[in-house]
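Analysis of the macromolecular model
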Amino acid sequence: MIFDNAWRSTRRRKGYSILLIVVFTIITAAVVVSLAIMQAANSAKTTGLANQTVTATISMNRSQVIKDAGGTGTDTTDSSSARDAAREAMGDMQLSLSDYETYASAAGSLLKSTYYSETAGLTAVDGQAEPVSSSSSSSGSGSSGDSAAAGQPGGQGGDMGDMGGGAGGMASSSDFTLVGLSSDEALSNLGITVSDGQAVVTGTSGTVTDSDGSDGDTSTHDAMVTDEFAELNGLSVGDTFVAADSSGNQIAFTIVGTYTSTGGGSGSAGPGGAGGMGGSSSDRIIVSMATLTSLGLDADTSSDTTISYTYVLGSGADYDAFVQACSDAGLSDSYQVQSSDVENYESSIEPLLNLSKFAKTLLVVVLALGAVMLIAMTLFSIRTRTYEMGVMTAMGMHKRTVAAQMVVETVIVAVIGLVLGTCIGAVASVPVSNKLLESEVSSAQAESTQQVQNFGRELKGGAAPGGASSASASASASGEAGASSDSAASSDATASSDASAPDSGAAPQQPGGNGPMGRMTSYVSTVNASVNLATVGLAALAILVLALLSGLVGVIWVLRYEPLQILADRS
């Protein structure tokens, strides 16, 4: 009987009912769009790297080292002493190859593979090959500057102080950067394209081999050089040139191939793609680790040689577990585990996360204002129906029955508004989300552009440290159950980047990398914030709570009335 009376009352009071339905529809549509955006952002954040290979490096935590050295004081003398102490500490903190391998063992099955490179400095010999950097700078500053950039130890290059692999680096007087590679995987992640000849044979075995696989001639060593270097010195494949190590020992190299740098490979922390060895250096000479060891320039022999060690993990979750495994294995706070894949990905979805924060704020505001408006409308409705309620109670209807009828009336119009609002929200969520995201991306790009103009590079937050380069970034979350491993995420919304290609819903590539001097981040620019059952369920819960809340206020108000007093006042 209560429902029948409520339904008849709703139909009889058409004007008020339609107004209430409109209010519930608007609230529902806003709630649905907000929830869809929040779910898309959360899905992209939590599952975007679920099925993607992630690389990680261990680098020095410069800020922690300075803090441990007492560098937080404000006194100038104390600060200078602390900096000197920090520099001295950094010089002794480079991890050895065995240290890196210890953490690899601690990670166990989390690792898919590991690879590393070691970097040493060489100087030019009079009458022999000249470095490209010195020829491009009449003041000679280009040589030392380029070498200094190239000499940063491997690992993360986003923070100029957090130098992967430890501390130090080659002396700035080095003209060439000699890079020894442990495996073909290290070579493939170096970010180069062979222009002429062939790639150098990599490996760590004690026997130095030529590119044809035979035992090498110990008088010369196979090497790859850049096209710029070969052109400047009039060299080609098969020619030999000489350089000297820090002790003055002359080393002869035979060119087996020339290459151009593409700025980074598929891995985010490849030896050189990570910014550790200056991936774009024109004076980089690539050899095998066996060659570097035979020359006595490996890290175990030479204190001037630095290591870039890369751990390849199966997913973002494995990366989190790897960080914990390193900590459990005794990695101190003076070092930090970093992944430019993860950091670049997080940078690429930053506008989407900002949009999610806006959607959350909008959701709270809409629900708060909606509650106030519905309560006010309910009280107004009850005040205009006091005589009707007095008659019903005078005829023997209990107050609680009258109050229940008022609540049911509110719920009826709320359900109608919920259905209409859900339909409108489902249609509007994707275009509205993309329009709002476009605004966020434009703002982020403008900020990054301004940073580049002001500082010559992107600052932290707009660019992840030392990542590999990729043409575009995408973060997808698919609502289909049992999504394949090619899908970056499995939720009910999809976020993908079409910075350089149309939205294809593919799994995320590693976003635009940023070496020490940074490149523009490739932001996620479209979001398929589709509505699913979870979104509808949460929206329904919110609307019903609002309906019951306004109805409860009406109940309290109804119970305050006395039927005889109402009729007496009416007469």
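For clarity, every value in this text was computed on a predicted model and none was experimentally measured.

Looking now at the overall build of the protein. The secondary structure content of the protein amounts to 17 helices and twelve strands. Across the protein, the fraction of contacts at a sequence separation of at least 24, relative to all contacts at a separation of at least 6, is 82%. Taken as a whole, the protein presents about 24,700 Å² of accessible surface, with 54% of it coming from carbon and sulfur.

This next bit is on the packing of helix α2 (residues 14-47) against helix α13 (residues 350-384). In helix packing, the relevant descriptors are the interaxial angle and the interaxial distance, both defined with respect to the helix axes. Packing of α2 against α13 brings their axes to within 9 Å, and their N-to-C directions diverge by 160°. The angle between the axes of α2 and α13 places the two elements in the roughly antiparallel class. The handedness of the crossing between α2 and α13 is left-handed. Tallied by class, residues from the contact of α2 with α13 come to 25 nonpolar, five polar and two charged.

Here the focus is the nonpolar core. If you look at the biggest cluster of nonpolar residues, it comprises 68 residues, and the most contacted ones within it are Ile-58, Phe-253 and Phe-322. A total of six residues in this core trace back to one element, the largest contributor, which is α2. One finds Tyr-16, Val-366, Leu-374 and Leu-546 within the second-largest nonpolar core, a separate group that totals 23 residues.

Considering the arrangement of structural elements, one finds Val-364 in helix α13. The exposed category is assigned to Val-364, whose relative accessible area is 54%. Through-space distance from the C-alpha of Val-364 to that of Val-31 is 9.0 Å; in sequence the pair is 333 residues apart.

One pass over the structure, following the stated rule, counts seven aromatic pairs. When the centroid spacing of 5.5 Å and the interplanar angle of 5° are considered together, the rings of Tyr-116 and Tyr-309 count as stacked. Taken as a pair, Tyr-116 in strand β2 (residues 111-124) and Tyr-309 in strand β9 (residues 306-313) lie far apart in primary sequence, 193 residues in all. On the accessibility criterion, Tyr-116 (10% relative accessible area) is buried. In this structure Tyr-309 comes out as buried when scored by relative accessible area, which is 5%. Taken together, the aromatic side chains of Tyr-100, Tyr-116, Tyr-309, Tyr-311 and Phe-322 make up a single cluster linked through ring pairs.

The subject of this paragraph is the confidence of the model for the protein. Atomic detail in the predicted coordinates should be set aside for any region of low pLDDT. In this model, the protein carries an average pLDDT of 74, and 70% of its residues clear a pLDDT of 70 or more. Under a pLDDT of 50 for its full length, residues 265-280 has, in the predicted model, 76 contacts with residues more than four places off or in other chains. Scored below 50 in pLDDT, residues 461-519 makes 200 contacts in the model with residues more than four places away or belonging to other chains.

Moving on, we get to the packing of helix α5 (residues 97-107) against helix α11 (residues 316-328). In the contact formed by α5 and α11, the axes pass within 9 Å of each other and the chain directions differ by 120°. Judged by the angle between their axes, α5 and α11 are oblique. Handedness of the α5/α11 crossing: right-handed. Residues Tyr-103, Ala-106 and Ala-107 of α5 touch α11, and the partners they reach there are Phe-322, Ala-325 and Cys-326. Across the contact of α5 with α11, the residue classes break down as six nonpolar, no polar and no charged.

This part covers helix α12 (residues 340-348). Residues lying three or four places apart along an α-helix face the same way, a consequence of the helix completing one turn every 3.6 residues. Of all nine residues in α12, seven are buried; the element is thus mostly enclosed. When α12 is considered as a whole, its buried residues turn out to be Ser-340, Asp-341, Val-342, Asn-344, Tyr-345, Ser-347 and Ser-348. Buried residues along α12 sit against α2, β1 (54-60), α11, β10 (335-338) and α13.

This brings us to the pairing of β10. The two faces of β10 match: Tyr-335 and Val-337 on one face and Gln-336 and Gln-338 on the other face are all buried. Inspection of the sheet shows β1 paired to β10 by four bridges, in the antiparallel sense. In the strand pairing of β10, Ser-59 is matched with Gln-336.

The next subject is α11. For α11, which comprises 13 residues, the first-to-last C-alpha distance of 19 Å matches the rise-based estimate of 18 Å (1.5 Å per residue) to within 8%. Within the sequence span of α11, burial applies to Gly-316, Tyr-319, Phe-322, Ala-325 and Cys-326. Taken end-on, α11 shows its buried residues confined to a sector of 160°, consistent with a single buried face. Residues of α11 that are exposed and angled more than 90 degrees away from the buried face: Ala-317, Asp-320 and Asp-328. Those residues of α11 that are buried lie in contact with β1, α5, β2, β9, β10 and α12. Taken from the residues just after α11, Gly-330 is the one with a positive phi, measuring 105°.

Criteria and cut-off values
Residues numbered from 1 in each chain as written. Predicted model: local features only at pLDDT ≥ 70, side-chain atom pairs only at ≥ 80, totals over all residues. Heavy atoms only, no water. Helix = DSSP H or I, 4+ residues; strand = E, 2+ residues; numbered from the N terminus. Contact = heavy atoms within 4.5 Å. Areas by Shrake-Rupley, 256 points an atom, 1.4 Å probe, with all protein chains shown as cover. Axes fitted to C-alpha atoms, helices over the stretch in contact; angles between N-to-C directions. Parallel < 35°, antiparallel > 145°, perpendicular 65-115°, else oblique. Left-handed = near helix turned anticlockwise from the far one by under 90°. Nonpolar A, V, L, I, M, F, W, Y, C, P; charged D, E, K, R; others polar. Core = buried A, V, L, I, M, F, W, Y, C linked by side-chain atoms within 4.5 Å. Buried < 20%, exposed > 50% of the residue type's maximum accessible area, 1.4 Å probe, protein only. Phe/Tyr/Trp six-rings, centres within 6.5 Å; stacked < 30°, edge-to-face > 60°. pLDDT = per-residue confidence, 0-100. Pairing = 2+ DSSP bridges. Expected span 1.5 Å × (residues − 1). Arc of directions from axis to C-beta.

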